[in-house]
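Structural overview
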Amino acid sequence: MGSLFRSETMCLAQLFLQSGTAYECLSALGEKGLVQFRDLNQNVSSFQRKFVGEVKRCEELERILAYLVQEITRADIPLPEGDASPPAPPLKQVLEMQEQLQKLEVELREVTKNKEKLRKNLLELIEYTHMLRVTRTFVKRNVEFEPTYEEFPALENDSLLDYSSMQRLGAKLGFVSGLISQGKVEAFEKMLWRVCKGYTILTYAELDEPLEDPETGEVIKWYVFLISFWGEQIGYKVKKICDCYHCHIYPYPNTAEERREIQEGLNTRIQDLYTVLHKTEDYLRQVLCKAAESVYSRVIQVKKMKAIYHMLNMCSFDVTNKCLIAEVWCPEADLHALRCALEEGSRESGATIPSFMNIIPTKETPPTLIRTNKFTEGFQNIVDAYGVGSYREVNPALFTIVTFPFLFAVMFGDFGHGFVMFLFALLLVLNENHPRLSQSQEIMRMFFNGRYILLLMGLFSVYTGLIYNDCFSKSVNLFGSGWNVSAMYGAAHAPSERKKMVLWNDSVVRHNRVLQLDPSIPGVFRGPYPLGIDPIWNLATNRLTFLNSFKMKMSVILGIIHMTFGVILGIFNHLHFRKKFNIYLVSIPELLFMLCIFGHLIFMIVYKWLLYSAETSRVAPSILIEFINMFLFPTSETNGLYPGQEHVQRLLLVVTALSVPVLFLGKPLFLLWLHNGRSCFGVSRSGYTLVRKDSEEEVSLLGSQDIEEGNHQMEDGCREVTCEEFNFGEILMTQVIHSIEYCLGCISNTASYLRLWALSLAHAQLSDVLWAMLMRVGLRVDTTYGVLLLLPVIALFAVLTIFILLIMEGLSAFLHAIRLHWIDIKNSCGGTQGMFRRPKVPNDKNKSN
Amino acid sequence: MLEGAELYFNVDHGYLEGLVRGCKAGLLTERDYVNLVQCETLEDLKIHLQTTDYGNFLANQTNPLTVSKIDTEMRKKLCSEFEYFRNHSLEPLSTFFTYMTCSYMIDNVILLMNGALQKKSVKEILVKCHPLGRFTEMEAVNIAETPSDLFNAVLIETPLAPFFQDCMSENILDELNIELLRNKLYKFEADRRAFIITLNSFGTELSKEERETLFPTCGKLHPEGLRLLAQAEDFEQMKRVAEHYGVYKPLFEAVGDGSGGKTLEDVFYEHEVQMNVLAFNRQFHYGVFYAYTKLKEQEMRNIVWIAECISQRHRTKINNYIPIL
């Protein structure tokens, strides 16, 4: 059964790392991903740990790298994602790398700063030109539409505001102009009016093209405004308000010539700036391109380095301060590789004293490690979704590989659909090395990760489809039906026999809409169809009744078998953990409870199938009634399935009733008895265990799975296990809850397995409906147009088949299969505990956890 | 609230309440404080804060780290949390949030007015303003020369308008008047403020009558206690007034006598923290949002205190932070 049946045996190892070589050793270990570290400094706060300085340095490097990546992506330079994962950098290179990165950062920051400055400058100039352009129309309008501007009679119809005429008046007319972002205009106008009490004129117009905000870099709509005011005090206030609303203010030219001059000057400056900006950007791009080459591997390297220091922070120092002691969980099978990695690490760093390891016995429960390959991984994930088994527990994933696709197929049974699914999965499996697939997006990725599950599900569906004889809702007549219609006419029968039978003749066939074949007439039923269901049922009107009875019974049988199997897996666990009493006091009562009730039901179903034939079917008792009578003890006699059935049923009921109190009280009472000192039988047993546990090796192997057992040997004083006190009430409560759950679960879960029937029925009906609604319509049209019509009909049929029947129905069957496995897994698994975590897997994603 | 409003509370505010409770669970624990106090440098402090809910909020800060950088970043973080709450809230909770910002806005306005008096540039003071109390018109505060100006031009559009409406006079704005204005505005945390005003007025030229006008006219002390407080001349007399009130008696008893003991302010802070923590014991009310903001503020004050002690190498008083229970 190998490693998938139980999780790997683990051992706790102590690594003695020479302080000079610790980094290299850990790097070598991390590349292999062999061990899980234990934190030996749990009560030391993070900043007081030994390698906090190095971690800080890594963080600094990370910060620089993040900055680089941000700049690179902003410049739209593709990041080359190297497939290879470079090892952590040797210590000697770290300093060099740091210097390089820092230099790069400084350079980059300077160039970007320059660029930003230029850009801002450019934007401002552009804004200025826009402002000049727009405000020119303001002034004209002012003049044209407000000719009776009382304060300034001199304005009349002059084409431009004449500044000198204003001075003549002795007043100083001032202008403030600039740009303001769209959202602030209203508030700005209000505030202006309130503060200046109307001594200003504000004109504004929306700028037709949105511009970038030089400060935030956002592209927004702007308004150009022009405030004309009179007097210095007000001007002062206006400027303050402009500041407050973050307006961009530009000097307002007073005369037309000035305006033109400014405009020309601006144009040339903008031209200049463009060229300079271009050059800067080119240079920046060059720098970034160069940085982009190595940045990806650098990021991984730094991450690895940081992970190494985090692990080193978990190590403790020995007294001489010369070597670090790490405690790790390691699978026993990998111990050799661990030693090799240590040697390699020591050799690389050229240390004089090699680092070495030492296995230490422990009573703690090791983490669970189940090695998977690409085939078993998907199934293991399904099981892990319900919880990770504790150390060395039976791993239900192994059986899930078969049961999961099988239960799915029972619900999905249709070999046409199954075959399509199989082909799709096969396509994925054959192209699994294709880079596009493994990097695909969410939904596709889900299919890709579950490709082997899909493959098996497809195959099993083909099988169940053959059994159901369903192919896109049609049956296939491969071997020739076992029913013969012509025999119903009865020409071949002897006249004496004819009287007893209801035979067909022309008038019967003509006048009856529904005709029934009678299997008891010789020659009509010629024995069962070799594989699955006879295709003639596809034509029968009572097909559903027949299939329902068959599928319902089948799902109950499968369900009981599956649940029983779960309990049996639990027995494997108890055997392995040497808790025999659990078998006698928990598992066997559980089995008895289930089998006495539902096992008997199965027996009745099978018995009835075998015993009654076409001739005797009319006297066959109903299983449902029989089953109900089993609990009700009816006064009136019924003719049972077999003689003495009543007594057998009573016996079974008594056994069921007896197993319940055992289930409820057995284990807690037994534990209590153990706790209060055993009888002479127990003493001899504890003596035996004492001898056994003297061997330290054994202790380490046993781990703490039998802590509970060890608990009762505390008085022997041979183990210093730290475990909680014996609490009878708690144990009783747990057991009672567990038992109630189990007993109720037996009944409700059996009902729950009926979903096998319900879903397979739904699937068959849905595909039937699809056929009837689409294909039949297409096939019934006469030949000339039929061909034309069939083409779109088939296309639609294919699309609907894929989306509704394959994907939607498949998904629902998948979910139901998952639900049914929960029962099985729950029955077999005990508690769940921590999973083995590979500390430094070379892949950058799952590092350090 | 309407009758049976608890029934519908979760429809509108359940998400935010859950969120705020989650945030409250992320406040620093006693263990965190013990660790923080042990820090040798601000870098250590940063590393430890990284292991808490603060995460790497200082990651983008270039060296060297200063207390003010930590403070700004923490405020930014609180502010972003608050903004998130506010943006996802429905009426009337959103109005509640607006009211919560009012006290910060008042503080900012007062700060700006003081700054304008001392002829400091707006930019300089803007940095010091609390981000929760930011509003657009804020920077125009220094345009105003008289309080009525201030009100009519700047504050009328803000949520502060109804509060300022009643306490605007035509006085010239000087420092004392601003202080008086502030105290007139603060109508919340009334009792504490009354005590603090009294304490601060000892030894100043503030007359007893003037002092009485500053007291808020609500709270447990109103009106008897306030009259007595107005007559108090030293701390002992104040204490005697407080002894009439069951809530404040133990607080005044906890105050140390000048040398090394706790100050009255600290005691009040502790009491406030306790009340805020108690706010989380009941469900379906808006108080948790207020309480969370206040607790977070206290936590920030604690961190800043510890950081200051560390950076100034003044470790004797480092334990004077107020732990959040």
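An unreviewed UniProt entry lists chain B under the name V-type proton ATPase subunit, from Equus caballus. Looking at chain B in UniProt, the text filed under Subunit (unreviewed entry) is "V-ATPase is a heteromultimeric enzyme made up of two complexes: the ATP-hydrolytic V1 complex and the proton translocation V0 complex."

Per an unreviewed UniProt entry, chain A goes by the name V-type proton ATPase subunit a and belongs to Equus caballus. Under the UniProt heading Subcellular location (unreviewed entry), the entry covering chain A gives this text: "Membrane". Recorded in UniProt for chain A, the comment headed Function (unreviewed entry) runs: "Essential component of the vacuolar proton pump (V-ATPase), a multimeric enzyme that catalyzes the translocation of protons across the membranes. Required for assembly and activity of the V-ATPase."

**So, helix α5 (residues 93-117) of chain B**
Note that an α-helix has 3.6 residues per turn; residues three or four places apart therefore point the same way. Residues and elements named next belong to chain B. The terminal C-alpha atoms of α5, which comprises 25 residues, lie 37 Å apart, in line with the 36 Å expected from a rise of 1.5 Å per residue. Along α5, the sharpest kink reaches roughly 30 degrees, centred on Cys-102. Where α5 terminates, the next one or two residues include Lys-119, which has phi positive at roughly 60 degrees.

**Here we look at the packing of aromatic side chains**
Residue and element names in this part refer to chain A. In total, this model carries 41 aromatic pairs over all chains according to the counting rule given. Judged by centre distance (4.8 Å) and plane angle (55 degrees), the ring pair of Trp-483 and Phe-525 falls under tilted. In this pair, Trp-483 is assigned in the loop between α14 (451-468) and α15 (495-498) and Phe-525 in the loop between α16 (506-511) and α17 (543-576), connecting sequence segments 42 residues apart. With relative accessibility at 36%, the residue Phe-525 sits in the partly exposed group.

**A few points about the interface of chain B and chain A**
Listed per partner, the contact involves 24 residues of chain B and 21 residues of chain A. Both sides of the chain B and chain A interface together cover about 1,900 Å² of buried area, and 57% of this is carbon and sulfur. The interface formed by chain B and chain A includes zero residue pairs in polar contact (both at pLDDT 80 or more). Put simply, the parts of the chain that give the side of chain B that touches chain A at least two residues each are α3 (42-50) and α7 (147-154) of chain B. A total of five residues in the side of chain B that touches chain A trace back to one element, the largest contributor, which is α3(B).

**Quick notes on the nonpolar core**
Counting residues in hydrophobic clusters, the biggest one holds 62 residues, and the most contacted among them are Phe408(A), Met457(A), Leu601(A), Tyr742(A), Tyr753(A) and Leu756(A). The biggest single contributor to this core is helix α18 (residues 580-611) of chain A, with 12 residues. Within the second largest apolar cluster, 54 residues are counted, among which are Ile47(B), Phe57(B), Val273(B) and Ala279(B).

The rules behind each value
Residues numbered from 1 in each chain as written. Chains lettered and ligands numbered in written order. Predicted model: local features only at pLDDT ≥ 70, side-chain atom pairs only at ≥ 80, totals over all residues. Heavy atoms only, no water. UniProt positions renumbered as here; feature names shortened; annotations may be inferred. Helix = DSSP H or I, 4+ residues; strand = E, 2+ residues; numbered from the N terminus. Expected span 1.5 Å × (residues − 1). Bend = angle between axes of the 7 residues up to and from the residue. Phe/Tyr/Trp six-rings, centres within 6.5 Å; stacked < 30°, edge-to-face > 60°. Buried < 20%, exposed > 50% of the residue type's maximum accessible area, 1.4 Å probe, protein only. Contact = heavy atoms within 4.5 Å. Buried area = accessible area lost by both parts, 1.4 Å probe. Polar contact = N/O pair within 3.5 Å; in protein donor to acceptor, adjacent residues only side chain to side chain. Core = buried A, V, L, I, M, F, W, Y, C linked by side-chain atoms within 4.5 Å.

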